[in-house]
Amino acid sequence: MDSLSSYLANQDHGVFTYFSVLLDDPLFALLITALAFLLVVKVKTPRASPLFLSLVVAFFSVPFLKGLFAVARPCPEFIAKIACPSSASFPSGHATVSGAFLLASVGTPLFLPFLTLAILVSISRVYLGIHYLADVAAGIALGFVLYAFSERLYYVYRKAIG
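All values derive from a computational prediction rather than experimental measurement.

Trainee: Sorry if this is basic, but what is going on with helix α4 (residues 48-69) here?
Mentor: Every α-helical turn comprises 3.6 residues, leaving residues that sit three or four positions apart pointing alike. In a regular helix each residue adds 1.5 Å, so 22 residues correspond to 32 Å; α4 covers 30 Å between its end C-alpha atoms and thus fits that length. Along α4, the sharpest change in direction is near 30° and occurs at A58. Where α4 is buried, its residues contact α3 (26-42), α5 (93-105) and α7 (133-161). Looking one or two residues beyond α4, the residue adopting positive phi is A70, at roughly 50°.

Trainee: What's the story with the environment of L65 in this structure? I'm lost.
Mentor: You can see L65 is positioned in helix α4. We classify L65 as buried; its relative accessible area is 18%. Each C-alpha atom, one on L65 and one on S89, is 9.8 Å from the other, the two residues being 24 residues apart in sequence. With residues up to four places along the chain from it excluded, the contact list for L65 reads A70, F90, P91 and L142.

Trainee: Where do I start with the nonpolar core in this structure?
Mentor: A general tendency of soluble globular proteins is for nonpolar side chains to be buried together. The biggest cluster of nonpolar side chains holds 13 residues, and the ones touching the most others in it are V40, L51, L55, A100, F101, F114 and Y147. Among the secondary structure elements, those contributing two or more residues to this core are α3, α4, α5 and α6 (111-127). When residues of this core are assigned to their parent elements, the largest contribution, 4 residues, is made by α5. Ignoring any residue separated from it by four or fewer positions in sequence, one finds F101 in contact with T33, A36, F37, V40, L51, L55 and F114. Judged by nonpolar contacts, the second largest core, of 5 residues, contains A58, V62, L65 and L142.

Trainee: Mind showing me how you'd approach the state of the cysteines here?
Mentor: Such a bond, covalent and formed between the sulfur atoms of two cysteines, is termed a disulfide. Counted under the stated rule, the structure contains 1 disulfide. Paired through a disulfide, C75 and C84 show a sulfur-sulfur distance of 2.2 Å. Across the disulfide from C75 to C84, rotation about the S-S bond amounts to roughly 85°, and the bridge is consequently right-handed. With a relative accessible area of 9%, C75 lands in the buried category. For C84, a relative accessible area of 38% corresponds to the partly exposed category.

Trainee: What is the right way to look at unusual backbone geometry in this model?
Mentor: Backbone torsion omega between F90 and P91 reads -5°, so that peptide bond is classified as cis. Looking at the element boundaries, P91 is found in the loop between α4 and α5. In the Ramachandran plot, A70 falls in the positive-phi region, its phi being about 50° despite a non-glycine side chain. By secondary structure assignment, the location of A70 is in the loop between α4 and α5. A relative accessible area of 52% places A70 in the exposed class.

Trainee: For this particular structure, what's the right way to read the side chain of R73?
Mentor: Structurally, R73 can be placed in the loop between α4 and α5. Buried within the structure, R73 lacks any salt-bridge partner; D135 is the closest side chain of opposite charge, at an N-O distance of 6.1 Å. A distance of 2.8 Å separates a polar atom in the side chain of R73 from the backbone oxygen of I130. Polar side-chain contacts of R73 include one of 3.3 Å to the side chain of H131. Other than its neighbours up to four places away in sequence, R73 contacts K66, C84, P85, S87, A88, S89, I130, H131 and Y132.

Trainee: Would you explain the environment of A134 in this entry?
Mentor: If you trace the backbone, A134 turns up in helix α7. Along the backbone, A134 and K159 are 25 residues apart, and their C-alpha atoms lie at a distance of 37 Å.

Thresholds applied
- Residues numbered from 1 in each chain as written.
- Predicted model: local features only at pLDDT ≥ 70, side-chain atom pairs only at ≥ 80, totals over all residues.
- Heavy atoms only, no water.
- Helix = DSSP H or I, 4+ residues; strand = E, 2+ residues; numbered from the N terminus.
- Expected span 1.5 Å × (residues − 1).
- Bend = angle between axes of the 7 residues up to and from the residue.
- Contact = heavy atoms within 4.5 Å.
- Buried < 20%, exposed > 50% of the residue type's maximum accessible area, 1.4 Å probe, protein only.
- Core = buried A, V, L, I, M, F, W, Y, C linked by side-chain atoms within 4.5 Å.
- Disulfide = S-S within 2.5 Å.
- Lys, Arg positive; Asp, Glu negative; His and termini not counted.
- Salt bridge = Lys/Arg side-chain N within 4 Å of Asp/Glu carboxyl O.
- Polar contact = N/O pair within 3.5 Å; in protein donor to acceptor, adjacent residues only side chain to side chain.

This is how it looks when you write it as structure tokens:
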């Protein structure tokens, strides 16, 4: 385990633990994702459709990649603050979604809030003791790639239909 992941996972701060556990709740994560998506739509950016497409692709590709790489979670190496998920660790799905939202928000008023949220979500995964730093870095990178691919595909499609 890298020293930064170990350091973050061995911290214990009440407010950040609460925030991190809250982000791990699937219903809350879905609610935050829906709210963020609505904000993107409200800003009236043409990036909403490519963002939606990238999230759908992430929904299928992250579990596939986790199975392909089969990287064990760091939970056994130190005390995780939540129950250790049964799925593999690499890449982080939370960070993948954060990366897609972050790239979609570049150049909009949503960039700074999404940057803050992406940092907090990514750090929280390591802090909870369920991901390595490399997992979240790869997740953010995957989110960037999925969004960029989706945006390109969307504009090729829009051009083709006129």
